[in-house]
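So you can see what is in the structure, the chains are spelled out below.
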Amino acid sequence: MRLCLKKASLTCLSGLRRGNRGSGVPPTLNLCRESQLPTLRFHLTGTKYSCGSGGCGACTVMVSRYDPKTKKIHHYPVTACLVPICSLHGAAVTTVEGVGSIKTRIHPVQERLAKCHGTQCGFCSPGMVMSIYTLLRNHPEPTPEQITEALGGNLCRCTGYRPIVESGKTFCAESTVCQMKGSGKCCMDQEEKSFTSRQEKMCTKLYNEDEFQPFDPTQEPIFPPELIRMAEDPNKRRLTFRGKRTTWITPVNLNDLLELKTSFPEAPIIMGNTAVGPSIKFRDEFHPVFISPLGLQELYFVDSTDDGVTIGAGYSLAQLNDALHFIVSEQPKEKTKTYHALLKHLRTLAGAQIRNMATLGGHVVSRPNYSDLNPILAAGNATINLISKEGKRQIPLDGRFLEKSPEANLKSEETVLSVYIPHSTQWHFVSGLRIAQRQENAFAIVNAGMSVKFEDGTDTIKELQMFYGSVGPTVVSASKTCQQLIGRKWNDQMLSDACRLVLDEIYIPPDAEGGMVEYRRTLIISLLFKFYLKVRRGLNKMDPHKFPDIPEKFVSALEDFPIETPQGIQMFQCVDPHQPPQDPVGHPVMHQSAIKHTTGEAVFVDDMPPISQELFLAVVTSTRAHAKIILIDTSAALALPGVVDVITAEDVPGDNSYQGEIFYAQNEVICVGQIVCTVAADTYAHAKEAAKKVRIVYEDLEPRIITIEQALEHNSFLSAEKKIEQGDVEQAFKYVDQIIEGKVHVEGQEHFYMETQTILAIPQEEDKEMVCTYVTLGTYLFQEYVAAALNIPRNRIACHTKRAGGAFGGKVSKPALLGAVSAVAAKKTGRPIRFILERGDDMLITAGRHPLLGKYKIGFMNNGVIKAADIEYYINGGCSPDESELVMEFMVLRSENAYYIPNFRCRGRPCKTNLPSNTAFRGFGFPQGIVVGEAYITAVASQCDLTPEQVKEINMYKRTSRTAHKQTFNPEPLRRCWKECLEKSSFSARKLAAEEFNKKNYWKKRGLAAVPMKFTVGIDYCSMAAALVHIYLDGSVLVSHSGCELGQGLHTKMIQVASRELNIPESYIHLSETNTTTVSNATFTAGSMGADINGKAVQNACQILKARLEPVIRKNPRGTWEVWISEAYKESISLSTTGYFKGYQTNMDWKKGEGNAFPYFVYGASCSEVEVDCLTGAHKLLRTDIFMDAAFSINPAVDIGQIEGAFVQGMGFYTIEELKYSPEGVLYSRGPDDYKIPTVTEIPEEFNVTLVHSQNPIAIYSSKGLGEAGMFLGSSVLFAIYDAMAAARRERGLTKTFTLSSPATPELIRMTCVDQFTDMVRLVRRAPC
Ligand SMILES: Cc1cc2nc3c(=O)[nH]c(=O)nc-3n(C[C@H](O)[C@H](O)[C@H](O)COP(=O)(O)OP(=O)(O)OC[C@H]3O[C@@H](n4cnc5c(N)ncnc54)[C@H](O)[C@@H]3O)c2cc1C
Ligand code: FES
Ligand code: FES
């Protein structure tokens, strides 16, 4: 086998060869299959493993192949987790290490991504680098659209994508990164800008393009000549790779392929492996033989004739895209309608990597029910050219083929040679239509391919075809409907009949997989309506006299939202010109690890080399929500090769249940996903295989409580009620003009950190010591849980954490629980344990943000003044306490947000249910709770005929006041953020423009909303911090502190603090890791206080050291730092010290419901504008403006990064992120396929962020903690969507108020924009035939 891996070490290649000889490495092993097999990742740490299903892009690498026919080299991106190693014979693979490295030279792509602040945790960064790099290899001067397109398959949970796109745009031919878009002046022409209102100097440059090294495309490594020689070798032979259980065969030519297909008719043909790969991995499919004709010349061609085009089955979807673009540029428009329809869907089908891997043949044959291309191909009358040893034949790519009728199928020995797509004709219309949870890289909720042929010169239907995807187990044809409409005129009556008929023909049962039955049925006819309008428009274009055009108000229904490249301005305070140039505080300093992130040299736990004797752990989790464990039978698992042990509750030497958290289920299970036992084996594959063999017998127990409503019925709570109250609420209700009551549902959220939970537990020989390396926010909790489980003192447990690939609250308590689970396994086996959760297990076990049910009763005057509010909160805490009580406390305390309501009561309780235990998540309850407040403000506005913004203004805190829990604060920064947000975003003018737009457009509506925010930092019991600072004799400084680096730039800010305090350059300071042996009893890095409290601790340590050095400096004021250190050493001055910050002084008396609960408040405001498609429920975020009170930002790049990242995470939470459970409590959403976080296409087209300057003397350098605050500002998108939906409903004469819930998914939007189609679906409910 010949594979050129840039930077591959010899050992690795020998590892591969070993695999080929069948010594344990199966031929189907993917290039980056199991994170637990680092050897097979060639000892390279760059290529990350996050989902394993091709859905996140973290594992992106570049594959290059030489085409002997064209003599060209083809570079393309792939997701390594789906690439079988054997398929790479003859290819060169470039990983991020091959692009550049700190040890040699970093590549401009890596440099710019880092310097543009495009990395935070850095886990996605190598994948991002590879996507941009591969694009540059093909297009050295790409367009901004190409950059956005190239990044569509890469998920980032931290940054909000804006800086990543911006780094890519620096390679575009024209400078497109001007941050002063629309101002008439380029940011590069001016250093700073004044705010006219306050004459405050504002900067807009977060990085300096002049510092970038030039990009020279000629300097890229050459393609290995040996691979060219190999590709051109006329004497190629069939290749066979044999593994223990499987054989991989690559035929040498077409005849050989046909021979193989005859010998192994059941063997799959592996092309892109994007259908077969996931089936093997997630559905346990097994194939003893694989045939891979990838690269076989006979399958790669385009043949264009007068009637149509034939495209080789081997063409990747990306190549198909290029070929179709070429054809549409050559052919007259009327012939290319099918190609245009295909091109539209090819742009959004998966991400660039999958489009480059998946092939036309594979797509057609695998016939996924969600297929975006097959319905169009069928509607366009495509045919499939088949070949076997028997000869060639053609079959139609029609309804029977797509519905998998046996008689219309391929024979098992046949291969698809090509697909023929006929040209469309003059009186022929073809369209592709689709709607997905997110615009790009998401399976369609419903899609369709439709075509109609008319009798020449008329609108009489001659042929009609409609194919729908995602409405059943296969793509289905509405053939009966079409048949009945032949001969009909293309008019409204025909449409009405067609809708009725198609609803009757396509039945989606109430319990259909994927749910959303009513919505999907509505889409069936909404998409048909879109097609109807498109065709009418087309007919009108052909003969305007004969065929009337569609109403002007309907035109906007025709087009899907375009994908635009995002842009925007970031503004922040300029550094005082008198500040010493060496002092980095206040400057947008790059993340301390940014370059290492982009080169892949930043080490995450999974990247750590194998440890001698280490074992891998796989979990066995409960499949029942509430049941008694009758039996755990481990015998079959223990009998499997490589299995060392099965660990259960019986093996826990200490407490198995600590603070209400159960490590291993004992006697009973209390949720689906609870860990019952773990299997330790020599490889992860063995452990996983054995885990499947553990047999558990359950007996279901009652009650099984899944929802909040069920918990309320059963009075099932995790803690007592929390309440705050001011004024006399009951009395006030008697004197108000109006009272409204309502309910708000806010669903939960998955953290979806890119790096899943990972732990390395290494038992030591002596004194029961245990060394743990893991990803967390709280080392002390981890230590505490492990100590409890092992029943040993905490001083025996050394915990290390270097960096986490994202956390967002999900790595506070859960790593502690998983740490205890792994430590018990390590203790029992006496061997190191590597425990890495697969994405699906991670999502299942660790849960996320608490879903909320909010109830309100509001009394208000007709002028919009709210006099009384009575709020109730119930959150779904899941099966154990975790942080639920604390989350509820925070929710209640922050419930008033920015509004003064003289008579205010808020009560809340966390519910105990049989779901996995929900936990901390960025914003800690605030993002859910505050939706209730904004919902009733919106409802009040509607009742008073005011805008929500007017009601907000009327009720907003205006002067120094006391909160409902009686904490005094000055809302001046809040008012400033709010005012500037409305003014600078031209809110009123744009609102008017949106109203105008809405008047002119019936099917698309625009909405705007602005939300103010009064957020709090801090968690009272964890605001102390410690630091340890050593100065070494060469002057270098090592800083350790109690905070964990999660991507939020904490270490970067700490270096800035130490640099200022010690008055030395940042380069002198190093920060290695957080561990319990240097800083003990470290509290969580949470509550947006990481930099606040650790900054004070580092400052304290540095000031102590500085004071010690003072006499030495005074003696030699002109000396250098190095000389002073040397002198100090000679004078026996200690150059090492700890620093401490005892924390903010806060208090809260829950009996009285009052206290100074928070050290300070963070204020902000955001305004968003959206457009919604009332027919599909899709929305487009047009613009967002954020004004955040940052006081004095220690690092504007880090702070803006946090705000943007949190905003996008919030936006995802409020719109597209949707966790789905069965009524039995089984989580369905277990990976990127069925849980959609925002991609680059979801972020605002225009995204402006301004840091507003204020004072905050209590915090270090008068800064503020901004890690979480941006999350809630994402709700401006939710309320803008509601504004748009309200406009649609007003126009349709519907009630003014309607129930608000979150997330505003496409389903919710569509079903709220009630119209004749939703009515029709509700009327036409029928039983299956
Ligand atoms: C992350 C991800 C996202 C996706 N998103 C979308 C999406 O948004 N929309 C969408 O429509 N699809 C989507 N897909 C599905 C994707 O389009 C298909 O998996 C792909 O087209 C299959 O092609 P392949 O070359 O990878 O097939 P393979 O997996 O290699 O093969 C699939 C099947 O086809 C057979 N086969 C392949 N070639 C031939 C041939 N020449 N002759 C006979 N049989 C053949 C094989 O035997 C096998 O049974 C997605 C897939 C992934 C992994
Ligand atoms: S790990 Fe490969 S795409 Fe997610
Ligand atoms: S920086 Fe992208 S996932 Fe963390």
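Since we're looking at a predicted model, the values are computed, not measured.

A look at the overall build of the protein chain
A count of helices and strands for the protein chain gives 39 helices and 48 strands. Taking 34 Å as the expected radius of gyration for a compact globule of 1329 residues, we find that the protein chain reaches 31 Å, a close match to that expectation. C-alpha atoms of the protein chain, sized along the principal axes, occupy 95 × 80 × 70 Å. Going through the 1329 residues of the protein chain one by one, you find that 66% of them count as buried.

Considerations on empty space enclosed by the protein
By the definition in use, this model includes 13 cavities of 30 Å³ or more. Considered as a void within the structure, the largest cavity measures approximately 520 Å³ in volume. If you trace the largest cavity, you find 35 residues lining it, with Leu1046, Gln1048, Thr1085, Ser1088 and Gly1267 closest to the centre. Elements that contribute at least two residues to the lining of the largest cavity include exactly helix H32 (1050–1062), helix H33 (1090–1115) and helix H35 (1196–1215). The residue inventory of the lining of the largest cavity, partitioned by class, reads 18 nonpolar, 11 polar and 6 charged.

Comments concerning the sheet that holds strand S15 (residues 428–436)
Taken in spatial order, the 4 strands make up an open sheet running S15-S16-S17-S18, and their pairing is antiparallel. Pairing within the sheet leaves two strands with one partner each, and these edge strands are S15 and strand S18 (476–477). Both S15 and strand S16 (residues 444–454) contribute to a ladder of 9 bridges, which runs antiparallel. Pairing of Gly432 across the sheet is with Gly449, part of S16. On the sheet, helix H11 (residues 337–348) packs against S15 and S16 and is oriented at approximately 15 degrees with respect to S15.

A short note on the site of ligand 1
Around ligand 1, the surrounding shell holds 32 residues, and the nearest of these are Met271, Thr274, Thr359, Asp372 and Val416. The contact in question runs from an oxygen atom of ligand 1 to an N or O atom on the backbone of Met271, over 2.7 Å. Ala275 has a polar backbone atom sitting 2.9 Å from an oxygen atom of ligand 1. About the coverage of ligand 1: the protein hides 94% of its 980 Å² of free accessible area. Elements supplying a minimum of two residues to the shell around ligand 1: helix H13 (360–366) and strand S14 (415–422). Take the shell around ligand 1: its biggest share by element is 5 residues, from H13.

Observations concerning the state of the cysteines
Under the defined criterion, the tally for this structure stands at 1 disulfide. Across a sulfur-sulfur distance of 2.3 Å, Cys203 and Cys574 are joined as a disulfide pair. Taking the torsion about the S-S bond as the criterion, the Cys203 to Cys574 disulfide, at about 125 degrees, is right-handed. Taken together, the residues span a long stretch of sequence, with Cys203 in strand S6 (residues 200–203) and Cys574 in the loop between strand S19 (570–573) and helix H19 (594–599) at a distance of 371 residues. Comparing Cys203 with Cys574 shows no difference in burial state: the two are buried. Cys1044 provides the cysteine sulfur closest to Cys1102, a residue in no disulfide bond, and the two sulfurs are 19 Å apart. The buried category is assigned to Cys1102, whose relative accessible area is 0%.

With respect to the UniProt feature "binding site: [2Fe-2S] cluster 1" (unreviewed entry) in the protein chain
Per the UniProt record, the feature "binding site: [2Fe-2S] cluster 1" (unreviewed entry) sits at Cys51, Cys56, Cys59 and Cys81. For this annotated set, covering 31 residues, all C-alpha atoms fall within 10.2 Å of each other, a compact arrangement in space. Tracing the backbone through its elements, the reader meets Cys51 in the loop between helix H1 (10–20) and strand S2 (60–67). Leave out the neighbours within four places in its chain, and Cys51 touches Cys56, Phe282, Arg839 and Pro1232. Looking at where Cys59 falls in the secondary structure, it is placed in the loop between H1 and S2.

Reading guide: rules and limits
Within any chain, residue numbers begin from 1 and follow the written order of that chain's sequence. Chain labels run from A onward and ligand labels from 1 onward, assigned in the order the entries are written. Given that this is a predicted model, residues contribute local features only at a pLDDT of at least 70 and side-chain atom pairs are listed and counted only at 80 or more, while totals for whole chains, interfaces and linings are drawn from all residues. Where side-chain values are given, they derive from all heavy atoms of the structure, hydrogens and water being excluded. Under the scheme used here, helices are H or I runs from DSSP no shorter than 4 residues and strands are E runs no shorter than 2 residues, and both carry numbers assigned from the N terminus. Here the radius of gyration uses the C-alpha set of atoms, whereas the globule reference equals 2.2 Å times the residue count to the power 0.38. Burial classes: relative accessible area under 20% of the type maximum marks a residue as buried, over 50% as exposed, and values in between as partly exposed (1.4 Å probe, protein chains only). Definitions used throughout: a 1 Å grid over protein atoms alone; a cavity as a set of points that fits a 1.4 Å probe which cannot get out; a pocket as an open set with protein on both sides within 12 Å along at least five of seven lines; a lining residue as one with an atom within 4 Å of a point. Grid points are joined across faces, edges and corners, and a volume is the space filled by probe spheres set on the points. Nonpolar residues are Ala, Val, Leu, Ile, Met, Phe, Trp, Tyr, Cys and Pro. Charged residues are Asp, Glu, Lys and Arg, and all others, Gly as well, are polar. DSSP-based pairing: two strands are paired if at least 2 bridges between them are found. Residues are treated as being in contact if the distance between any of their heavy atoms lies within 4.5 Å. A fitted line through C-alpha atoms represents every axis, and for helices the fit uses only the stretch in contact; the resulting angles, taken between N-to-C directions, go from 0 to 180 degrees. To be near a molecule or strand, a residue needs just one of its heavy atoms within 4 Å of it. Two N or O atoms form a polar contact when they lie within 3.5 Å of each other; inside protein one atom must be a possible hydrogen donor and the other a possible acceptor, and for residues adjacent in sequence the pair counts only when both atoms belong to side chains. Only the protein chains shown count as cover for residues, and all accessible areas are computed by the Shrake-Rupley method using a 1.4 Å probe. By disulfide we mean two sulfur atoms from cysteines, separated by a distance within 2.5 Å. UniProt positions are given in the numbering used here, feature names are shortened, and annotations may be inferred rather than shown by experiment.

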